[in-house]
Amino acid sequence: MAIRKIVTQGDPMLTKKCRQVTDFNDRLHQLLDDMKDTLAEAQGAGLAAPQVGVLRRAVIVVDDTDEMLELVNPEILSQSGEQAGPEGCLSVPGKWGMVSRPSCVRIRAQDRFGNWFEAEGEDLTARCFCHEIEHLDGHLYVEHIDHFMTEDELEEFYEAEENRAK
Ligand code: ZN
């Protein structure tokens, strides 16, 4: 297990289409273990292999029970609803943008041994599925925004959220 360096916006790794994982070997397991360590250290909600400089279709997503899901060759099967909220990325540190995403997303992926499984995510997990899978095709969330949110805009959003919850 090791912490890997997270590349940031401007690095060509983040704009490339990643290749399918075909070998479910020790090298893949090492990558997934390292990605989990790196994500935990960075305290993020998700991490895609190209963010640590590996152009393969593998991502880690933290689900709503705080468990780290390993998704190899993930694909979106269906999506529904809509949510708008601030989104950030470990490769665009310290910045946030308002992005609309589906509120419910169903995916399928392979585990580290190559077995296919399906998973469903709502709210933040749904957002994270979309965000991480986009990384694998060389896209960043910043392509969906017209500006980064200011401190005031962020504060306003979270205040409104709190009021809605009351
Ligand atoms: Zn990201």
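Q: Can you help me understand the overall build of the chain in this one?
A: Looking only at helices and strands, the chain has three helices and seven strands in total. The N-to-C order of helical and strand elements in the chain reads α-β-β-β-β-β-β-β-α-α. Judged by the C-alpha coordinates and their principal axes, the chain covers about 50 × 30 × 25 Å. Counting over 166 residues, the chain shows a buried share of 44%. Charge centroids of the chain, computed over 17 positive and 33 negative side chains, lie 8 Å from each other.

Q: Help me understand a negative patch on the surface, please; the structure alone is not making it clear to me.
A: Taken together, the side chains of Glu151, Asp152, Glu153, Glu155, Glu156, Glu159 and Glu162 define an acidic patch exposed on the protein surface. In this fold, Glu162 is placed in helix H3 (residues 151-165).

Q: Help me out: how do you make sense of the environment of Ile133 in this one?
A: Mapped onto the elements of the fold, Ile133 is located in helix H2 (residues 123-135). Between the alpha carbons of Ile133 and Glu75 there is a distance of 7.4 Å; along the sequence they are 58 residues apart. In contact with Ile133, other than residues within four places in its own chain, are Pro74, Glu75, Ile76 and Ile107.

Q: Teacher, can you tell me more about the packing of aromatic side chains here?
A: Centre-to-centre distance and the angle between the planes together describe a pair of aromatic rings. On inspection of all chains with the given rule, the structure shows one aromatic pair. Here Arg108 stacks its cationic end above the ring of Trp116, 3.8 Å away from the centre of that ring.

Q: How should I be thinking about the coordination of the zinc ion in this particular structure?
A: Six octahedral donors around a metal ideally sit at 90 or 180 degrees from one another, while four tetrahedral donors ideally sit at 109.5 degrees. Here the zinc ion is held by the protein donor atoms Cys89 (SG), His131 (NE2) and His135 (NE2), which lie 2.0 to 2.3 Å from it. Between consecutive donor residues of the zinc ion, the sequence gaps follow C-x41-H-x3-H. Of the two residues, His131 and His135 are both situated in helix H2; the distance of four residues between them amounts to about one turn of the helix. The class for His131 is buried, based on a relative accessible area of 6%.

Criteria and cut-off values
Residues numbered from 1 in each chain as written. Predicted model: local features only at pLDDT ≥ 70, side-chain atom pairs only at ≥ 80, totals over all residues. Heavy atoms only, no water. Helix = DSSP H or I, 4+ residues; strand = E, 2+ residues; numbered from the N terminus. Buried < 20%, exposed > 50% of the residue type's maximum accessible area, 1.4 Å probe, protein only. Lys, Arg positive; Asp, Glu negative; His and termini not counted. Charge placed at Lys NZ, Arg CZ, Asp CG, Glu CD. Patch = residues over 30% accessible without salt bridge, like charges linked within 9 Å, V, L, I, M, F, W, Y side chains within 5 Å. Areas by Shrake-Rupley, 256 points an atom, 1.4 Å probe, with all protein chains shown as cover. Salt bridge = Lys/Arg side-chain N within 4 Å of Asp/Glu carboxyl O. Contact = heavy atoms within 4.5 Å. Phe/Tyr/Trp six-rings, centres within 6.5 Å; stacked < 30°, edge-to-face > 60°. Lys NZ or Arg CZ within 6 Å of the ring centre and 35° of its normal. Donors = N, O, S within 2.8 Å, 3.2 Å for Na, K, Ca; no water.

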